[in-house]
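Overview (structure and organization)
Read off the chains here:
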Amino acid sequence: MEKREQLYEGKAKKVYATSDPDKVIVSYKDDATALDGLKKGTVAGKGAINNRMTNFLMRLLEKNGVPTHFVEELNDRETVVKKVSIVPLEVIIRNVSAGSFAKRYGVEEGIVFDEPTFEFSYKNDDLHDPLINDTHALALKLATKEELATIRAMALKVNEVLKAYFLTLGVRLIDFKLEFGRLSDGTLVLADEISPDTCRFWDAKTGEKLDKDRFRRDMGGVEEAYKEMMSRVFGK
Ligand code: UDP
């Protein structure tokens, strides 16, 4: 598929038009940002790892009945995906307390929940992605009631599939963020990425963090953690 003009550049990816109006090419960068864009850096090899891991997981989810935007991996960094309009909600599922949940409610990290939690953030950089509930999302017409129900069901299914899969690799899926998009006919599909940038992964034996928290918290070993997740998924 031919890559045409750049449509968009985000913090970690670029998006290009193609000869097919219903498809775009996503190109993953090594750039990393955190703390609402205040912290910037690069993680060598991250783009290729996130691209390949996302595509692997999107295929796994498709096999398990979750529709996604994935079409075809072109090379280490670039993938053809269906063109969607992104629903401006970040969908966050948590199995264990960490990050902003622990901070917001004044609890330690590592509390295992009986049931996964489900929350939305409003994707809006100017407002710093505030927490938002269903009724607010409806009031703001960010999605319909039916879409919110579909998003919730799909996100919980993603959690079940991914939690079980990562456990087979000796990795606990602590929490993660998903984004959904609408195809031109309105069908909702899982979009964006699923990677150590968007998930918290803790080694099941040692508890070692194998995700972007190493970058956010200046823990060192960022590249190594991404590579470790890559080798768990694809083998050495
Ligand atoms: N997350 C993300 N993008 C964001 C915010 C969060 O991918 O803009 C992911 C994050 O990697 C973690 C989960 O969503 O796996 C929950 O993040 P949290 O709300 O705890 O926020 P954080 O502590 O990362 O600010």
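Structure: see above.
In short, a report on the structure. (Residues numbered from 1 in each chain as written. Predicted model: local features only at pLDDT ≥ 70, side-chain atom pairs only at ≥ 80, totals over all residues. Heavy atoms only, no water.)

1. As for the overall build of the protein chain
- What the protein chain contains, in helices and strands, is 6 helices and 14 strands.
- In terms of its C-alpha atoms, the protein chain occupies a principal-axis envelope of roughly 50 × 45 × 35 Å.
- By sequence separation, contacts in the protein chain at least 24 residues apart represent 56% of the contacts at least 6 residues apart.
- Accessible area for the protein chain stands at about 11400 Å²; split by element, carbon and sulfur atoms hold 52% of it. (Helix = DSSP H or I, 4+ residues; strand = E, 2+ residues; numbered from the N terminus. Contact = heavy atoms within 4.5 Å. Areas by Shrake-Rupley, 256 points an atom, 1.4 Å probe, with all protein chains shown as cover.)

2. Considering the pairing of strand β1 (residues 3–9)
- Here 4 bridges tie β1 to strand β2 (residues 13–18), and the two strands are oriented antiparallel to one another. Paired with Glu 9 across the bridge in β2 is Lys 14. (Pairing = 2+ DSSP bridges.)

3. Side note on helix α6 (residues 222–234)
- Compared with an ideal rise of 1.5 Å per residue, which puts 13 residues at 18 Å, α6 spans 19 Å between its outermost C-alpha atoms and is within 8% of the ideal.
- The complete set of buried residues in α6 reads Val 222, Ala 225, Tyr 226, Met 229, Met 230, Ser 231 and Val 233.
- Residues of α6 that are buried in the fold lie against α1 (46–63), α4 (145–168), β12 (171–182), β14 (199–203) and α5 (213–216). (Expected span 1.5 Å × (residues − 1). Buried < 20%, exposed > 50% of the residue type's maximum accessible area, 1.4 Å probe, protein only.)

4. Some words on the nonpolar core
- Counting 50 residues, the largest nonpolar core has Leu 89, Leu 162, Phe 166, Leu 178, Phe 180, Leu 190 and Ile 194 as its most contacted members.
- No other element matches the 9 residues that α4 contributes to this core.
- Within the second largest apolar cluster, 5 residues are counted, among which are Val 24, Val 26, Tyr 28 and Val 81. (Core = buried A, V, L, I, M, F, W, Y, C linked by side-chain atoms within 4.5 Å.)

5. Some thoughts on α1
- Along its 18 residues, α1 runs 26 Å from first to last C-alpha, staying within 8% of the 26 Å computed at 1.5 Å per residue.
- Burial of α1 is extensive: 13 of the 18 residues sit out of reach of the surface.
- Two residues or fewer after α1 comes Gly 65, characterised by a positive phi angle close to 90°.

6. A few points about the sheet that holds β2
- An order of β1-β2-β3-β7-β6 is seen for the 5 strands of this open sheet, with the pairing classed as antiparallel. Strands at the two margins of the open sheet, each flanked by one partner only, are β1 and β6 (70–73). Direction aside, the axes of adjacent strands within the sheet are offset by 30° on average. (Axes fitted to C-alpha atoms, helices over the stretch in contact; angles between N-to-C directions.)

7. Comments concerning unusual backbone geometry
- Residues other than glycine seldom take positive phi values, yet Leu 35 does so here, at roughly 50°.
- Structurally, Leu 35 can be placed in the loop between β4 (31–34) and β5 (39–42).
- Its identity is not glycine, yet Asp 36 carries a phi of approximately 60°, on the positive side.
- Turning to its location among the elements, Asp 36 is positioned in the loop between β4 and β5.

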